[in-house]
Amino acid sequence: MNQRKILVTAALPYANGPIHLGHLVEYIQTDIWVRYQKLRGHQCLFMWADDTHGTAIMIRARKEGRSEEEVIAEANAEHQRDFAGFQIQYDNYGSTHSDENKKLCGEVWQSIRDAGLVKEKDVDQLFDTEQGTFLADRFVRGTCPECKAEDQPGDNCSKCGNTHSPAELIDPVSTLSGSTPEIRTAKHLFIELEQLHEFLEDWTQTGDHLQPEVANYLRGHFLGDPESTEGAKPLRDWDISRPSPYFGFEIPDCPGNFWYVWFDAPIGYLASTQQWCDRNGDTLDNWWRNDAAEIHHFIGKDITYFHTLFWPGMLKSAGYSLPTKVHIHGFLTVNGEKMSKSVGTAFKASTYLDHLPPAALRYYYASKLGSRLDDIDLNFDEFISKVNSDLVGKVVNLASRSAKFVKETGLSSSYPDDGGLFESAASAGNEIARAYENCDYNKAMRLILELADKANPFVENAEPWNLKKDPAKTQELQDVCTIALNLFRQLVIYLSPVLPDLVEKTGELLNEPLTHWDQSQTPLTGSPVAKFKHMMKRIEEKDVRAMEEASKIEAEQESALVENNSDQFSDSEQPMIDEPMTDECTIEDFMKVDLRVARIVNAEHVEGARKLLKLTLSLGGEHRKQVFAGIKAAYEPDQLVGRLVVMVANLKPRQMKFGLSEGMVCASGPGGEEVFLLTPDEGSKPGQRVH
RNA sequence: GGCGGUGUAGCUCAGUUGGUUAGAGCAGCGGAAUCAUAAUCCGCUUGUCGGGGGUUCGAAUCCCUCCACCGCUACCA
């Protein structure tokens, strides 16, 4: 068999947070693939690193009063500890904040410059004057310029879906300081990706580098279809620089500007390889400029864009090999719901490991993962039953029910007639191998378990426990157990990319290290058998519950921490001085006031009134109230119609100059232009009482 | 809105070069066994294959249409 040279990467974990079970889908997927390739005898390197640059790390370091270097060093240690806990094995773990990466970024940059792909443009960006930093979109909130929904993120509106630039927001607020940012113009460098359009069209659409749905997606969103009536769409320029301050590498020929983190992050794959090569007497070009070497990236669907357009473009410009394949997977949901930090379903890797064994999750993910981009669901009831019944009940059970009968004798000296069981399982190996190769782990697991389902009935029929009672049948007993243990050993080899622990223990039991796939094709004979020890623990529901509980507590503690940080919002004391607190009231007093959610169904100016608007409020159904409100200076009638407010519904009606007013709408502020109506949160209904 | 994806037993999913009564595991029910971590084995049960229409001798599979759900919609790390 010719040995392949395969270089594998997983997405680089961001140094701004802990690893959770969602990340592990990818890392376990990658690790299984790498272990599989090594088991097949190929030379396979897993090159990995932390992604360390960007605004988020910078802000965090400031908040915690320490250097970025300290923050990322801590994250690096934590990440590697978690990976070790989950038996994820890589050949090098670097950091994008390394000398190697800086040097390679410079080289790639120069080649992109030389290719004439870089141009300068001025960009308007919001600047937080208190923090002294430009604000990434996600650090700005404000009113949507389109539908006027308040408190929307900087880049698009969650209400109307409008996309806009943060600079277009009405009343933008920096989420870092709470202050109002100002618009500043800065020079940015862009890469004209469109120049590479033809190349990218070709690379993404042919050659099987991508899953078909990914190729379709790229065409639909970015590249366009040159053969359609609309033709190809131009690719937008990629904003590749960030002005100071920024945590990253300064661009050598553009002082005061830094490479955007997504420029240097993928180059981290190269840098990590460089580190490995330096240690092992190899060269970078032997892996990245060598047609005989394959390059495989494993990523989540959220970062498709960067890995399938920019990254190939960068590699192409710099004269490196292009990825052989980009393997893209879906997200993890927990019990059918999106993972949520606040609810505590974003289980941290370390929390999981406090309560449960890594093998269980590795197997569960393997049994769910296919080659497509579907999300996979972590359902704990299924998790418990699957791991227990497949691994303990079927696979390990084969050894635990037969090993002790041959502890004295060892395995038979030649492999007995098993009715073709071993042979047919051996020939199933090809299909299982293909499933691993194609990342169809769920198929591989299904095929393997089918084999286990044939092995157990064999033991059942052979009844070794009865053979043991008859001294004349010693040989038969040994033969039956030899078969059972060989079928077991075969399964373990097939499972070994997923379950490294089990492989090791099986090796000890049978006195033979299991290191190569081909061992599954030949039975083991004559080997001594060690005393059987538990190879895998059953998952108990209480352990799962304990983990869930622990995670919930962590989530609560974290949100409490965020609240304690609220002193970063330094609000003025003036309002309390202007209007001091009134006397205490009882709940009964409060309940006398009937506050209700109401919808403004009509609003109009009142002839002759300086301050008043006439509002018609609906409490649902036919319940209408007419209210005169002193908010003319602050609101236009048009902005009011349709919105929900809170009103005092049981206020005694009062005859005013312009008509009868049947209530009050609640608002804060001193008056005049500074009046702010209360708005109930999304979901409340007109007529609902406010308690 | 556009694009992509998904929709098969209570649950998780197989099943497309169109072909006999649609499959597996888990769950459920009934039995057996007692070597094994209450593990195992045998048997049984469950389906308008999202709806409708079309092509065909024949459709879960091909075409059209509708519905539902999910994701993406780039200068976000």
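Because the structure is a prediction, the values reported are computed rather than measured.

(A) Inspection of the packing of helix 14 (residues 429-437) against helix 15 (residues 441-462) at higher detail. Closest axis-to-axis distance for the helix 14/helix 15 pair is 7 Å, and the angle between their directions is 155 degrees. Viewed along their axes, helix 14 and helix 15 adopt a mutual orientation that is roughly antiparallel. For helix 14 against helix 15, the interelement crossing comes out left-handed. Listed contacts from helix 15 to Glu431, Ile432, Ala435 and Tyr436 of helix 14 are Tyr441, Lys443, Ala444, Met445, Leu447, Ile448 and Leu451.

(B) Geometry of the protein's contact with RNA strand B. Around RNA strand B sit 48 residues, and of these Tyr14, Asp137, Arg236, Tyr260 and Trp262 come closest. Counting only atoms of RNA strand B within 4 Å of the protein, the sugar-phosphate share comes to 66%. Contact distances for RNA strand B include 3.3 Å between a sugar or linking oxygen and a side-chain N or O atom of Glu382. The separation between a base nitrogen of RNA strand B and a polar main-chain atom of Met536 is 2.6 Å. Listed by contribution, the elements that provide at least two residues to the surface near RNA strand B are helix 6 (212-223), helix 7 (261-280), helix 9 (304-318), helix 12 (380-400) and helix 15. Looking at the surface near RNA strand B element by element, the count peaks at nine residues for helix 12. Grouping the constituent residues of the surface near RNA strand B by class yields 16 nonpolar, eleven polar and 21 charged.

(C) Fine view of the sheet that holds strand 18 (residues 337-338). Taken in spatial order, the three strands line up as 18-17-19 in an open sheet, and their pairing is mixed. Each end of this open sheet is capped by a strand with a single partner; those strands are strand 18 and strand 19 (376-378). The pairing of strand 17 (residues 332-334) with strand 18 spans two bridges and is classified as antiparallel. Bridge pairing links Val334 to Glu337 in strand 18. Against the sheet, helix 11 (residues 358-368) engages strand 17 and strand 19, with an angle of about 145 degrees to strand 19.

(D) Fine view of the sheet that holds strand 21 (residues 613-618). Pairing is antiparallel in the open sheet, where five strands are placed in the order 22-21-20-23-26. The sheet is open, and its two edges are formed by strand 22 (624-629) and strand 26 (664-665), each paired on a single side.

(E) Inspection of the nonpolar core at higher detail. Ranked by size, the top nonpolar core spans 165 residues in total, and within it Leu21, Leu24, Phe263, Trp288, Tyr365, Phe383 and Tyr436 carry the most contacts. Ranked by residues supplied to this core, first place goes to helix 17 (residues 474-495) with 13 residues. Residues contacting Trp288, with those up to four places away along its chain left out, are Leu7, Tyr269, Leu270, Thr273, Ile295, His297, Trp311, Leu315, Tyr320 and Ser321. Membership of the second largest hydrophobic core comes to 18 residues, among which are Ala598, Leu613, Tyr635 and Val665.

(F) Broad picture of the pairing of strand 9 (residues 182-191). In this sheet, strand 9 lies alongside strand 4 (residues 118-128) in antiparallel orientation, the contact comprising ten bridges. Counted as the bridge partner of Gln125 is Arg184 from strand 9. Pairing between strand 9 and strand 12 (residues 238-239): two bridges, direction antiparallel. Across the sheet, the residue bridging to Phe190 is Asp239, located in strand 12.

(G) A look at the environment of Leu514. Here Leu514 is to be found in the loop between helix 18 (500-510) and helix 19 (541-564). When its relative accessible area of 12% is taken as the criterion, Leu514 is described as buried. Those residues in contact with Leu514 that sit more than four places away from it in its chain are Arg489, Val492, Ile493, Val503, Thr506, Gly507 and Gln519.

(H) A look at the packing of aromatic side chains. Summed over the entire model, instances satisfying the criterion amount to 36 aromatic pairs. With 5.7 Å between their ring centres and 65 degrees between their planes, Trp48 and Tyr90 make a pair best called edge-to-face. Separated by 42 residues along the polypeptide, Trp48 in strand 2 (residues 43-50) and Tyr90 in the loop between helix 3 (68-85) and strand 3 (92-95) bring together distant segments of the chain. The structure contains a cluster of three or more aromatic residues connected by ring pairs, namely Tyr217, Phe222, Trp238, Trp262, Tyr305, Phe306 and Phe310. Just above the ring of Tyr320 sits the side chain of Arg289; from NZ or CZ to the centre is 3.9 Å.

(I) Inspection of the environment of Ser527 at higher detail. Among the structural elements, Ser527 can be located in the loop between helix 18 and helix 19. Expressed as a C-alpha distance, the spacing of Ser527 and Gln205, which sit 322 residues apart in the sequence, is 53 Å. Once residues lying within four places of it in the same chain are set aside, the contact partners of Ser527 are Gly410, Leu411, Leu510 and Asn511. Within the structure, the side chain of Ser527 is placed 2.5 Å from the backbone oxygen of Leu510, a separation counted as a polar contact.

(J) Molecular detail of the pattern of salt bridges. The final tally for this structure, using the stated rule, is 32 salt bridges. Here Glu107 and Lys103 are joined by a salt bridge, their closest N and O atoms 3.5 Å apart. Of the two residues, Glu107 and Lys103 are both situated in helix 4 (residues 99-114); the distance of four residues between them amounts to about one turn of the helix. The class of Glu107 is partly exposed, set by a relative accessible area of 39%. With a shortest N-O distance of 2.7 Å, Arg545 and Glu548 are connected by a salt bridge. Of this pair, Arg545 and Glu548 both sit in helix 19, three residues apart, which is roughly one turn of the helix. We classify Arg545 as partly exposed; its relative accessible area is 31%.

(K) Local environment of the side chain of Ser412. Note that Ser412 resides in the loop between helix 12 and helix 13 (421-427). Residue Ser412 is classed as buried on the basis of its relative accessible area of 3%. Within the structure, the side chain of Ser412 is placed 2.6 Å from the side chain of Asp479, a separation counted as a polar contact. Not counting the four nearest positions on each side in its chain, Ser412 is found in contact with Gln475, Gln478, Asp479, Thr482, Thr525 and Gly526.

(L) Up close: the packing of helix 17 against helix 18. The geometry of helix 17 relative to helix 18 is characterised by a closest axis approach of 10 Å and an angle of 150 degrees between their N-to-C directions. Classified by the angle between their axes, helix 17 and helix 18 sit roughly antiparallel to one another. The way helix 17 lies across helix 18 gives a crossing that is left-handed. Together, Leu485, Phe488, Arg489 and Val492 of helix 17 and Leu502, Val503, Thr506, Leu509 and Leu510 of helix 18 make up the contact between the two elements. Tallied by class, residues from the contact of helix 17 with helix 18 come to seven nonpolar, one polar and one charged.

Cut-off values and rules
- Residues numbered from 1 in each chain as written.
- Chains lettered and ligands numbered in written order.
- Predicted model: local features only at pLDDT ≥ 70, side-chain atom pairs only at ≥ 80, totals over all residues.
- Heavy atoms only, no water.
- Axes fitted to C-alpha atoms, helices over the stretch in contact; angles between N-to-C directions.
- Helix = DSSP H or I, 4+ residues; strand = E, 2+ residues; numbered from the N terminus.
- Parallel < 35°, antiparallel > 145°, perpendicular 65-115°, else oblique.
- Left-handed = near helix turned anticlockwise from the far one by under 90°.
- Contact = heavy atoms within 4.5 Å.
- Near = heavy atom within 4 Å.
- Polar contact = N/O pair within 3.5 Å; in protein donor to acceptor, adjacent residues only side chain to side chain.
- Nonpolar A, V, L, I, M, F, W, Y, C, P; charged D, E, K, R; others polar.
- Pairing = 2+ DSSP bridges.
- Core = buried A, V, L, I, M, F, W, Y, C linked by side-chain atoms within 4.5 Å.
- Buried < 20%, exposed > 50% of the residue type's maximum accessible area, 1.4 Å probe, protein only.
- Phe/Tyr/Trp six-rings, centres within 6.5 Å; stacked < 30°, edge-to-face > 60°.
- Lys NZ or Arg CZ within 6 Å of the ring centre and 35° of its normal.
- Salt bridge = Lys/Arg side-chain N within 4 Å of Asp/Glu carboxyl O.

Honestly, that's just the spatial picture; any functional story needs more than this.
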